[in-house]
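So the chains spell out like this:
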Amino acid sequence: MANEVLSAISVCKGFGGILALDHCSIRVEEGDIVGLIGPNGAGKSTLFDVISGFLPPDAGSIVFSGREILGLPAYKIARLGLVRTFQIPRSLMRMTVLENMMLGAQGQAGERLYIPLIRRHKVMAQEKEIREKAEEILEFFDLRRMRDEYAGSLSGGQKKMLEMARALMADPRLLLLDEPFAGVNPALADRLIERIRILKEKGLSIIIIEHAIPYVLALSDELYVLNKGRVLASGRPDAVISDRRVFEAYLGEGA
Amino acid sequence: MLDYLVSIALTAGIYAIFALGLNLQWGYAGLLNFGHVAFMAMGAYVTVLLSMNGIPLLPAVLAGMILAGAAGAFLGMATLRLREDYLAIVTIGFSEILRFILLNWSSLTRGSFGLFGYPRPFQDLVGIRDYNLFLAGLVLAVLLLVYMLLETLARSPWGRVLKSIRDDEAVAISLGKNAFSYKVQALALGSAIAALSGSLLAFYLQYINPNNFQPIETFYAWIMVIMGGSGNNRGTILGALILWGFFSTTRFMEGYLSFSPTASSGARMVLIGLILIGMMMFRPQGLLGRKEELSIGK
Amino acid sequence: MEQLIANGIIYGCIIALAAIGLSLAYRILNFANFAHGEFLTLGAYFALFFAASLDLGFLFACILAIAATAAFGVALDRLAWRPMRSSGANRTAIMILSIGVSIAIRNALIIFFRPDALRFPLPVSQGINIGGMTVTSLQVEVVLIAIAAMLLVHALLSRSTLGKSMRALADNPDLARISGINVDRVIRCTWAVSMGLAALAGIMYGLITHLNPNMGWSIILPMFAAAILGGIGNAYGAMAGGIIIGISQEISTAFLPAEYKIAVSFLIMIAVLLFRPRGLMGGG
Ligand SMILES: Nc1ncnc2c1ncn2[C@@H]1O[C@H](COP(=O)(O)OP(=O)(O)OP(=O)(O)O)[C@@H](O)[C@H]1O
Ligand SMILES: [Mg+2]
């Protein structure tokens, strides 16, 4: 049996009257891409918020890399290697693309207040390494020529790319991508699929929330369907997608 | 002429240091400190009181900085987990409370009577005639040092985290940065810098009293920071010069206009209020800033 | 002790009225208004001005002053707050602007009325004795009018369409907009109510003490403390908070020098933020 990276068990989260997550469980195995689909308001983003520690759940358990992370502050969860992106890209508008990227690197000695003052050379050397890595990743996402632009001036699709690229700077073990294809044009989307596959080959585990079913089918090893905060179906993508209930859930949304 | 330059260096220099502390908090970390003057007052009073009791000046100044830094950190810890306006409310309250305490704890501070006759650095060596010239040099040296310190930090990974928190705290957290701790650090360091400017102010004035530290002083610093373009250390120093110019020209003009002193200082303050309003409405990015670097508007 | 409590209630009523306006503005306009103290001062000076220049009796001058302050609030919305809102400025920018407004108004009053303390042109009211406490008939009137004003606010918030629109706007601005609420009108009304209450509080404060251009600014801290204690944004909480702050400040004078009573509201505020950040009544 493969190594389990994440297992969220019976997570519940209510907002006032509505139950956004209702005993929701999800597992991710090492090196897998897990797709997460469901109609609008199904609770997908809320599940990301809870897993990444941005929202406290009402009940449940979340184990990451064999460790209970429920109750840990969000920044500590990120440091453990569980990094999330946001559905609406959150660029640091008044920082350049390169600065956005460099922020993502972990273990930066120079982030301690006194280190830049007393160990300048060490910090400069580390900055150089981080910059090189950032440019490499930017190249991977076709953003390198934008590196000195303010992030606020990027197009919607570029912001989505930057969002993902920046998360990769943190060398995550598990990456949570919230609708990475939204606002990305189809030609770019095909390249993005390639890139996500390459990341998977390097051993990264990913959960992808996505509305565009073809992209999800192209990528996922496992597929979860969420509806009204519950897992409606899960398993192999082709099997899940032909499940009648899934079809009905989406229809129900349209009606 | 020299006297004139010396007076610019002293007032504008001391206020520039004061405002640089605020720029770290607001310009880089987006923190609303509306009680910055409290930390200046702490620096001045701690330094003076300790040195009057025989403590050498350097440790006395450092003690003021440490105490102010700790106070800033405490106020931050009480409020920074909440919405950002709580920090503004609490800091402005703190600055008023501190002033009340200084006014009323007469056995320690001599209240509104004020403190004077305290030691100043190297006063025996320099002599009274050239003292202001010497002090101006000292102020400029400290200003340069503080400026270099802040520039180094602003360009460092530490400064990068601070700016990311200002732009969008959630991003910083999602990338593993402990935003709360950075905000507390920025508050503490900025407050310590304000305390340093307070010690220098005390050396310059030779006489301190609680009414030197009215809330309006805080907003002078705000004007300097915003005018120069928040998050721009050089701009802040420029802002200090401009505000200094504003005060000296308006005082100069008063000589020709026959206003009563209260009316003319009132008019000057109305103008200060209007400047703050006008900047927020029409030029929040400051005089030099570019729109993309706007750190307030959104 | 009873005397202190009586004083506290009188002072607390004034703080409560002011804090309601502050809290309403916070809830609906979404920012902490640091010029609120000046609105109290402005109301008091309007009343003084009308009482001195028009021969219509003090009560009428007060009503006129409240109307004038409310009108001033609406005008200020046109000139400053609305342009800020429509340019998409965030609330920190608006808060800084409110500081500018506060400084400008306070000093304009200093120019026109000089910084000295002034009194309303009223005869000194006689003290009466109620169960061991000495209060003046004026103080009793202040409390009664404050209670009447709070009941009026309650009626406005819970019964009227305006109150409903205000709540809708506070809960979800976007939804309110698309559901056909005239947002600008509701905001103007909020300002009018908030500033009318501030004017009333200012007049009362002037009645029980005296007027000076600094009077509103000097009690901004208890106002915020009251609003936070009641859960900022919660009008009923602000009322309760005001009374609690008023009474605790007065009682503290039994143990501490009176100069420190304003520090009591600061300490209460810090304690609330540390242990009950949403205020005693929840909300927020
Ligand atoms: N902060 C919040 N406060 C109140 N309700 C919320 C909050 N966040 C989400 N919700 C509600 O929880 C439910 C789930 O929302 P969520 O954003 O998780 O859906 P989603 O599956 O990501 O939808 P979409 O595909 O539109 O992004 C929705 O009904 C939403 O309105
Ligand atoms: Mg979503």
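Our subject is the structure that appears above.
None of the values given here were measured: they were computed from a predicted structure.

Reading the values: rules and limits
Residues numbered from 1 in each chain as written. Chains lettered and ligands numbered in written order. Predicted model: local features only at pLDDT ≥ 70, side-chain atom pairs only at ≥ 80, totals over all residues. Heavy atoms only, no water. Near = heavy atom within 4 Å. Polar contact = N/O pair within 3.5 Å; in protein donor to acceptor, adjacent residues only side chain to side chain. Areas by Shrake-Rupley, 256 points an atom, 1.4 Å probe, with all protein chains shown as cover. Helix = DSSP H or I, 4+ residues; strand = E, 2+ residues; numbered from the N terminus. Pairing = 2+ DSSP bridges. Donors = N, O, S within 2.8 Å, 3.2 Å for Na, K, Ca; no water. Core = buried A, V, L, I, M, F, W, Y, C linked by side-chain atoms within 4.5 Å. Buried < 20%, exposed > 50% of the residue type's maximum accessible area, 1.4 Å probe, protein only. Salt bridge = Lys/Arg side-chain N within 4 Å of Asp/Glu carboxyl O. Phe/Tyr/Trp six-rings, centres within 6.5 Å; stacked < 30°, edge-to-face > 60°. Lys NZ or Arg CZ within 6 Å of the ring centre and 35° of its normal.

Residues and elements named next belong to chain A. If you check the shell around ligand 1, you find 13 residues, and the closest are Asn40, Lys44, Ser45, Thr46 and His211. In this structure, Lys44 approaches ligand 1 through a side-chain N or O atom, which is 2.8 Å from an oxygen atom. Taking His211, its side chain carries an N or O atom lying 2.8 Å from an oxygen atom of ligand 1. Contact with the protein chains covers 61% of the free accessible surface of ligand 1, which is 620 Å². Sorting the residues of the shell around ligand 1 by element identifies strand S2 (18–29) and helix H1 (44–51) as the ones contributing at least two each.

Here we come to the sheet that holds strand S4 (residues 59–64) of chain A. All names here are of chain A. With antiparallel pairing, 4 strands are arranged side by side in an open sheet as S2-S1-S4-S5. The sheet is open, and its two edges are formed by S2 and strand S5 (67–68), each paired on a single side. Bridge count for S4 against S5 is 2 bridges, and the pairing is antiparallel. Paired with Phe64 across the strands is Arg67, a residue of S5.

Protein ligation of the magnesium ion (ligand 2) involves Ser45 of chain A (OG) and Gln87 of chain A (OE1), the donor distances falling in the range 1.9 to 2.1 Å. Residue Ser45 of chain A is found in helix H1, and its partner Gln87 of chain A is found in the loop between strand S6 (82–84) and helix H3 (97–103); the two are separated by 42 residues along the sequence.

Next up on the list: the nonpolar core. By size, the foremost hydrophobic cluster in this structure holds 255 residues, and its most contacted members are Ile196 of chain A, Phe34 of chain B together with Leu17, Ile20, Phe34 and Met269 of chain C. Looking at this core element by element, the count peaks at 17 residues for helix H1 (residues 2–29) of chain C. Judged by nonpolar contacts, the second largest core, of 27 residues, contains Val11, Leu36, Phe48 and Tyr224 of chain A.

As a further point, take the pattern of salt bridges. Residue and element names in this part refer to chain A. Scanning the entire structure with this criterion turns up 34 salt bridges over all chains. Two residues, Arg230 and Asp22, come together in a salt bridge whose shortest N-O distance is 2.9 Å. A residue pair is termed long-range when its members are at least 10 positions apart, and Arg230 in strand S10 (residues 230–235) and Asp22 in strand S2 qualify at 208 residues. The class of Asp22 is buried, set by a relative accessible area of 12%. A salt bridge links Asp171 to Lys133; the shortest N-O distance between them is 2.9 Å. Placement of the pair is Asp171 in the loop between helix H6 (156–169) and strand S7 (174–178) and Lys133 in helix H5 (residues 120–140), with a sequence separation of 38 residues. Residues joined in a network through salt bridges with shared partners are Glu135, Glu139, Arg144, Arg147 and Asp148.

Time to look at unusual backbone geometry. Not every positive phi belongs to a glycine, and Arg110 of chain B is a case in point at roughly 60°. Residue placement: Arg110 of chain B occurs in the loop between helix H5 (106–109) and strand S1 (115–116). The class for Arg110 of chain B is partly exposed, based on a relative accessible area of 31%. For Asn30 of chain C, which is not glycine, the phi dihedral falls at a positive 70°.

Summed over the entire model, instances satisfying the criterion amount to 28 aromatic pairs over all chains. When the centroid spacing of 5.6 Å and the interplanar angle of 55° are considered together, the rings of Tyr131 of chain B and Phe134 of chain B count as tilted. Placement of both Tyr131 of chain B and Phe134 of chain B in helix H7 (residues 131–155) is noted, with a separation of 3 residues, approximately one turn of the helix. One aromatic cluster is present, built from ring pairs that chain together Trp26, Phe34, Phe219 and Trp222 of chain B together with Phe34 and Phe224 of chain C. We note Arg110 of chain B situated over the ring of Phe116 of chain B; from NZ or CZ to the ring centre the distance is 5.2 Å. Geometry around Trp217 of chain C places Arg106 of chain C over its ring, the cationic atom sitting 4.5 Å from the centre.

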